[in-house]
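Results of the structural survey
What follows is the residue order along each chain.
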Amino acid sequence: MQSEDHKEDESHAENENMGKATEATSEQLADFSTEIMSVTEMEQSPDNSPGTPPQEEKLQDSEIADAEATKTADPEPSFPPEFEKFWKVVETNPQDFTGWVYLLQYVEQENHLPAARKAFDSFFTHYPYCYGYWKKYADLEKRHSNMKQSDEVYRRGLQAIPLSVDLWIHYINFLKETLDTSDPETAGTIRGTYEHAVLAAGTDFRSDKLWEMYVNWENEQGNLKAVTAVFERILGIPTQLYSHHFQRFKEHVQNNLPRDILTTEQFVQLRRELASSANSHSGEDPPPGDDLPSGTEDITDPAKLITEIENMRHRIIEIHQEMFNHNEHEVSKRWTFEEGIKRPYFHVKPLEKTQLKNWKEYLDFEIENGTHERVVVLFERCVISCALYEEFWIKEMVCLQPDLTAAYANFVASLRPSLQKLV
């Protein structure tokens, strides 16, 4: 999913001499996460100083007053020469998206961090769904070696658009590049981020790349049981590359021992199931000493061990084949709708009528046939693409909040004239 705003000219070369990172207080969005807010507040808080003896208070007060007067007189950090020209355009008309694009291109080209922070922070108060610009902002902080600030920008972006698979992927790659691999907590941090990502965006029909990254990373960690667990989740979710995931799962089963890819509980349960099935088919009790173990102990007879392994692999694939068949049916019911989505990202340009019709019909289908979770996710996807069409916001509130009154819906509908100016 590539945003048109993300495809704007990125050919501006980075200046050879990067300016030092300047301390600047970013405008905070109202819905910052608690974690980001606490970090920001900590950065902005002055150092605690020891108490002042009473006899020195007057002298210190005078010095402080003089210092404050001097500070007030200090000019604000100077911005690049053309900044004010571009800034005036968007300040006068915040709905001028092209004006914002020119402004953001300019501050990137100038590589001026205070100006860039002012521009990007203001831009996101109007257009928080532009995931590509969150990435540009985070990259700018990173180029100035501000890893902490870059991390915060990613977190803000993901709070604004948690369904952005692309932004999650960029953030995870950022963590892999910047975290200390020798730190024992790093693997847990990355795994936790993958979990947050798939919980937030993993049911998106086009989330396959995120799931595949998760599988590959657990493979790199040598955690085969975790790989199996991730596959078991994705095999039950209708996605575009559902068949590819099942093929990779079968390879995972065939290339590894059942004992290594199953939890102890799963392994024992499967072993007992196969032993019980073998006895029921023979119709006779096995000879003394010839029965298969029902726990985790090893089989010493090589022929019996090979037979058990192959039987286990066959049964594991058989069980998941049933999951695959069901998921394939669910995918087929949604495939036409998904093919009809030509612009899954946000842009200020109007959507074609066929696109709007497709979204409406897809929502109606999911409301009638899907689970509550899938309905919620589809609405969230829809209002990103159709953010400037208030009928979809109203539909979401009516469907997901049954107690919404008609009066309130009518009030929202009254916003049509102002919103229509943006379309």
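Residues numbered from 1 in each chain as written. Predicted model: local features only at pLDDT ≥ 70, side-chain atom pairs only at ≥ 80, totals over all residues. Heavy atoms only, no water.

Section: the overall build of the protein
If you tally the helices and strands in the protein, you get 20 helices and zero strands. If you take every contact in the protein between residues at least 6 apart in sequence, the share linking residues at least 24 apart comes to 66%. Split by element, the accessible area of the protein, about 23,700 Å² in all, is 52% carbon and sulfur. (Helix = DSSP H or I, 4+ residues; strand = E, 2+ residues; numbered from the N terminus. Contact = heavy atoms within 4.5 Å. Areas by Shrake-Rupley, 256 points an atom, 1.4 Å probe, with all protein chains shown as cover.)

Quick look at the packing of aromatic side chains
Geometrically, a pair of aromatic rings is defined through the distance of the ring centres and the angle of the planes. Scanning the model with the defined rule gives 27 aromatic pairs in all. Aromatic pair tyrosine 129 and phenylalanine 346: ring centres 6.4 Å apart, planes at 70°, arrangement edge-to-face. A residue pair is termed long-range when its members are at least 10 positions apart, and tyrosine 129 in the loop between α5 (113-126) and α6 (131-143) and phenylalanine 346 in the loop between α15 (302-339) and α16 (353-369) qualify at 217 residues. For phenylalanine 346, a relative accessible area of 6% puts it in the buried group. Where phenylalanine 337 meets tyrosine 362, the ring centres are 4.9 Å apart and the plane angle is 10°; that geometry is what we call stacked. (Phe/Tyr/Trp six-rings, centres within 6.5 Å; stacked < 30°, edge-to-face > 60°. Buried < 20%, exposed > 50% of the residue type's maximum accessible area, 1.4 Å probe, protein only.)

Section: the nonpolar core
By size, the foremost hydrophobic cluster in this structure holds 76 residues, and its most contacted members are Val107, Phe120 and Phe123. Beyond its immediate sequence surroundings of up to four residues, valine 107 is in contact with Phe83, His112, Ala115, Ala116, Ala119 and Phe120. Ranked by size, the runner-up nonpolar core spans 15 residues in total, among them Leu356, Leu363, Phe365 and Cys386. (Core = buried A, V, L, I, M, F, W, Y, C linked by side-chain atoms within 4.5 Å.)

Here's the deal with the confidence of the model for the protein
Per-chain confidence: the protein averages 80 in pLDDT, with 72% of residues scoring 70 or above. Throughout residues 1-60 the model reports pLDDT below 50, and contacts reaching past four residues in sequence, or to other chains, amount to 82 contacts. Ignoring residues within four places in sequence, the model shows residues 403-408, a span with pLDDT below 50, making three contacts including any to other chains. (pLDDT = per-residue confidence, 0-100.)

Thoughts on the packing of helix α17 (residues 372-385) against helix α18 (residues 390-400)
Following both chains from N to C, one finds α17 and α18 inclined at 160°, their axes separated by 10 Å at the closest point. Between α17 and α18, the angle falls in the class roughly antiparallel. For the pair α17 and α18, the crossing hand works out as left-handed. For the pair α17 and α18, contact is made by His372, Val375, Val376, Phe379, Cys382 and Val383 and by Phe392, Trp393, Lys395, Glu396, Cys399 and Leu400, respectively. Each residue belonging to the contact of α17 with α18 can be placed in one class, and the counts come to nine nonpolar, one polar and two charged. (Axes fitted to C-alpha atoms, helices over the stretch in contact; angles between N-to-C directions. Parallel < 35°, antiparallel > 145°, perpendicular 65-115°, else oblique. Left-handed = near helix turned anticlockwise from the far one by under 90°. Nonpolar A, V, L, I, M, F, W, Y, C, P; charged D, E, K, R; others polar.)

Considerations on helix α9 (residues 186-201)
If you check α9, its first and last C-alpha atoms are 22 Å apart, about what 16 residues at 1.5 Å a residue would give, namely 22 Å. Check the buried side of α9 and you find it contacts α8 (165-178), α10 (208-220) and α11 (224-234). (Expected span 1.5 Å × (residues − 1).)

What about the pattern of salt bridges?
On inspection of all chains with the given rule, the structure shows 24 salt bridges. Linking arginine 315 and glutamate 318 is a salt bridge whose minimum nitrogen-to-oxygen distance equals 2.6 Å. Here arginine 315 pairs with glutamate 318, and both are found in helix α15, just three residues apart, close to one helical turn. You can call arginine 315 partly exposed: its relative accessible area is 21%. Look at the salt bridges and you will find they share partners, linking Asp204, Arg206, Glu338 and Arg381 into a network. (Salt bridge = Lys/Arg side-chain N within 4 Å of Asp/Glu carboxyl O.)

What about the side chain of serine 385?
Following the sequence through the fold, serine 385 ends up in helix α17. Using a relative accessible area of 1% as the deciding quantity, one classes serine 385 as buried. With sequence-adjacent residues up to four places away left out, serine 385 is seen in contact with Arg343, Pro344, Tyr345, Leu351 and Trp359.

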